[in-house]
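Chain by chain, the residues:
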Amino acid sequence: PPGPPAVLAGRLKPYVASLAVRQAARGRGLGAELVRACEAAAAGKGQRIVQIQVESTNEVALRLYARLGYRVVAMDTRARKLVGDVFFGESVLFTKLTLEKTLGGDAT
């Protein structure tokens, strides 16, 4: 269901809501390094599951997350984001996917 990250055994699952690499630095594995650092931080806190939220149209990110072992577990077709200036921008609908990975699995 759409909404905040899921609760597992009474605790929030760690999740990445926004991750970006500057255009000039792309293609060097920095995105994968950032995700792995998030996974390591979660594992260090005793967490076994990490979630990532991403726009459904972000094909580059979706390919990265799939390579790292994430799978889609939820889709929110009513998500909103601000486009443009904070005062004069507009709120637009987009589809947000929630992906999930169990740490310690086969994919790395």
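Above this text you will find the structure in question.
Let me sum up the structure you'll find in this document. (Residues numbered from 1 in each chain as written. Predicted model: local features only at pLDDT ≥ 70, side-chain atom pairs only at ≥ 80, totals over all residues. Heavy atoms only, no water.)

## Quick notes on the sheet that holds strand β6 (residues 90-102)
The strand order across the open sheet formed by four strands is β3-β4-β6-β5, and the pairing between neighbours is mixed. The open sheet terminates on both sides in strands that have one partner only, identified here as β3 (15-16) and β5 (71-83). Examined bridge by bridge, β5 and β6 share ten bridges and lie antiparallel to one another. Bridging from a neighbouring strand, Val 83 pairs with Glu 90 of β6. With respect to the sheet, helix α2 (residues 59-67) is in contact with β4 (49-55) and β6, its orientation differing from that of β4 by roughly 160°. (Pairing = 2+ DSSP bridges. Helix = DSSP H or I, 4+ residues; strand = E, 2+ residues; numbered from the N terminus. Contact = heavy atoms within 4.5 Å. Axes fitted to C-alpha atoms, helices over the stretch in contact; angles between N-to-C directions.)

## Examining the pairing of β6
Across seven bridges, β4 lies against β6 in antiparallel orientation. Each residue of the ladder has a partner; that of Ile 52, found in β6, is Leu 99. As consecutive antiparallel partners, β5 and β6 are separated by six residues, and within that stretch Gly 84 has a phi angle of approximately 95°, a positive value.

## Things to note about the packing of aromatic side chains
Tallying each qualifying case throughout the model produces one aromatic pair. For the ring pair Tyr 65 and Tyr 70, a centre distance of 6.1 Å and an interplane angle of 65° mean the geometry is edge-to-face. As far as burial versus exposure is concerned, Tyr 65 and Tyr 70 are alike and both buried. In this structure, Lys 81 is placed above the aromatic ring of Phe 94, and the distance from its NZ or CZ to the ring centre is 5.4 Å. (Phe/Tyr/Trp six-rings, centres within 6.5 Å; stacked < 30°, edge-to-face > 60°. Buried < 20%, exposed > 50% of the residue type's maximum accessible area, 1.4 Å probe, protein only. Lys NZ or Arg CZ within 6 Å of the ring centre and 35° of its normal.)

Read these as geometric descriptors, not functional statements.
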